[in-house]
Amino acid sequence: INNSVERAISIDKISKDYEISKEAIQAEINKLIYSNNVGAKVLQRPVKTKIVEETVQKVDEATIKRENMVIYLLINYPENSYNKLKNISIDNFKNEINKNIIKKLYEHLEKGNINTNDVMNWFEDSKIINHLSEIMSYDFEISDVDKAIDDVIAIYKKENLVNRRNNILKELENVNTSEEGKLLEKELNNVIIQLAKMK
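Residues numbered from 1 in each chain as written. Predicted model: local features only at pLDDT ≥ 70, side-chain atom pairs only at ≥ 80, totals over all residues. Heavy atoms only, no water.

Peer 1: For this particular structure, what's the right way to read helix α6 (residues 96–110)?
Peer 2: Three or four residues apart is the spacing at which side chains of an α-helix point the same way, because the helix has 3.6 residues per turn. For α6, which comprises 15 residues, the first-to-last C-alpha distance of 21 Å matches the rise-based estimate of 21 Å (1.5 Å per residue) to within 8%. Buried within α6 we find I97, N98, I101, I102, L105, Y106 and L109. The buried residues of α6 occupy an angular sector of 160 degrees when projected down its axis, which confines them to one face. Looking at the buried positions of α6, the neighbouring elements they touch are α4 (61–76), α5 (78–85) and α7 (126–137). The N-terminus of α6 is capped by N95, whose side-chain oxygen sits 3.0 Å from the backbone nitrogen of I97. G112 occupies a position one or two residues after α6 and carries a positive phi of about 85 degrees. (Helix = DSSP H or I, 4+ residues; strand = E, 2+ residues; numbered from the N terminus. Expected span 1.5 Å × (residues − 1). Buried < 20%, exposed > 50% of the residue type's maximum accessible area, 1.4 Å probe, protein only. Arc of directions from axis to C-beta. Contact = heavy atoms within 4.5 Å. Polar contact = N/O pair within 3.5 Å; in protein donor to acceptor, adjacent residues only side chain to side chain.)

Peer 1: Whenever I open this one, the side chain of T63 confuses me. Can you help?
Peer 2: Along the chain, T63 turns up in helix α4. Side-chain polar atoms of T63 contact the side chain of D60, separated by 2.8 Å.

Peer 1: Sorry, what's going on with the nonpolar core here?
Peer 2: Looking at soluble globular proteins, one finds that nonpolar side chains tend to be buried together. Counting 34 residues, the largest nonpolar core has L74 and L132 as its most contacted members. Listing elements by their share of this core, those giving two or more residues are α4, α5, α6, α7 and α8 (145–173). It is α4 that provides the largest number of residues to this core, a total of seven residues. In this structure L132 touches I71, I75, I101, V119, M120 and F123, once residues within four positions along its chain are discounted. Counting six residues, the second largest nonpolar core, distinct from the first, contains L184, L188, V191 and L195. (Core = buried A, V, L, I, M, F, W, Y, C linked by side-chain atoms within 4.5 Å.)

Peer 1: Where do I start with the pattern of salt bridges in this structure?
Peer 2: Any two side chains of opposite charge can pair if their charged atoms end up close together. Scanning the entire structure with this criterion turns up seven salt bridges. One salt bridge connects D150 with K84, and the closest N-O pair in it is separated by 3.2 Å. Within this pair, whereas D150 is found in helix α8, its partner K84 is found in helix α5, the two being separated by 66 residues in sequence. Exposure remark for K84: the relative accessible area of 33% places this residue in the partly exposed category. Measuring nitrogen to oxygen at the nearest pair gives 2.7 Å for the salt bridge that ties R164 to E187. (Salt bridge = Lys/Arg side-chain N within 4 Å of Asp/Glu carboxyl O.)

Peer 1: What is the right way to look at α8 in this model?
Peer 2: Taking 1.5 Å per residue as the helical rise, α8 with its 29 residues ought to reach 42 Å, and the 43 Å between its terminal C-alpha atoms agrees with that figure. Residues of α8 that are buried: V145, A148, I149, V152, Y156, L161 and I168. Structurally, α8 contributes buried residues whose contacts are with α4, α5 and α9 (178–198).

Peer 1: How should a nonpolar patch on the surface be read in this particular structure?
Peer 2: A cluster of nonpolar side chains, contributed by I14, Y18 and I20, occupies part of the molecular surface with about 300 Å² of accessible area. Considering the arrangement of structural elements, one finds Y18 in helix α1 (residues 4–18). The exposed category is assigned to Y18, whose relative accessible area is 59%. (Patch = residues over 30% accessible without salt bridge, like charges linked within 9 Å, V, L, I, M, F, W, Y side chains within 5 Å. Areas by Shrake-Rupley, 256 points an atom, 1.4 Å probe, with all protein chains shown as cover.)

Peer 1: Honestly, the packing of α8 against α9 in this entry has me stumped. Any pointers?
Peer 2: Packed helix pairs are specified by the crossing angle of their axes together with the interaxial distance, meaning the distance between the axes. Between α8 and α9, the shortest axis-to-axis distance is 10 Å and the interhelical angle comes to 150 degrees. In terms of axis orientation, α8 runs roughly antiparallel to α9. Crossing of α8 over α9 shows left-handed handedness. The residues of α9 that touch α8, namely those facing A154, K157, K158, L161, V162, R164, R165, I168, L169, E171 and L172, are G181, L184, E185, E187, L188, V191, Q194, L195 and M198. (Axes fitted to C-alpha atoms, helices over the stretch in contact; angles between N-to-C directions. Parallel < 35°, antiparallel > 145°, perpendicular 65-115°, else oblique. Left-handed = near helix turned anticlockwise from the far one by under 90°.)

Any functional reading would require information beyond the geometric quantities listed.
In structure tokens form, the structure reads like this:
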């Protein structure tokens, strides 16, 4: 069904008849749409190709997959995910293309624009559009949306704590006063306790 209104009515009917959430049905529809149209959006309209700066440091596959999942969750389940995931800073994202996408998603969702069906039209860069198509057609095997969101948040929280712990250890090597050292040691203990609780 190409007509978005008819599609919404059908989703609503299927949701009621089979007691499946509308978000889950929409997610499956998006997979079909984007898997059949990888790159199609690029051909449908003139695309301005901007140079997206690549990170000098190579980003590992696990990190990229996690970032892709954040994007997938924000697009498919904006009402469930945005209020939780928005606490993950854009600076936490390593892949530059993902960083650009997340920034745009945060901006739109902050304004209350949760109709993410038109997400492709928010971008002009062909690289970003193709990357989004790949994300939306990928099967992340999410059985419980809320758990998937909480798991992603937990990973970022742990990563931030590990980074802070490492930074404190470096700062302690160059501490100038005993008072400063005590404050850093106190913070370090708190960080270590939080990390221990997450294991």
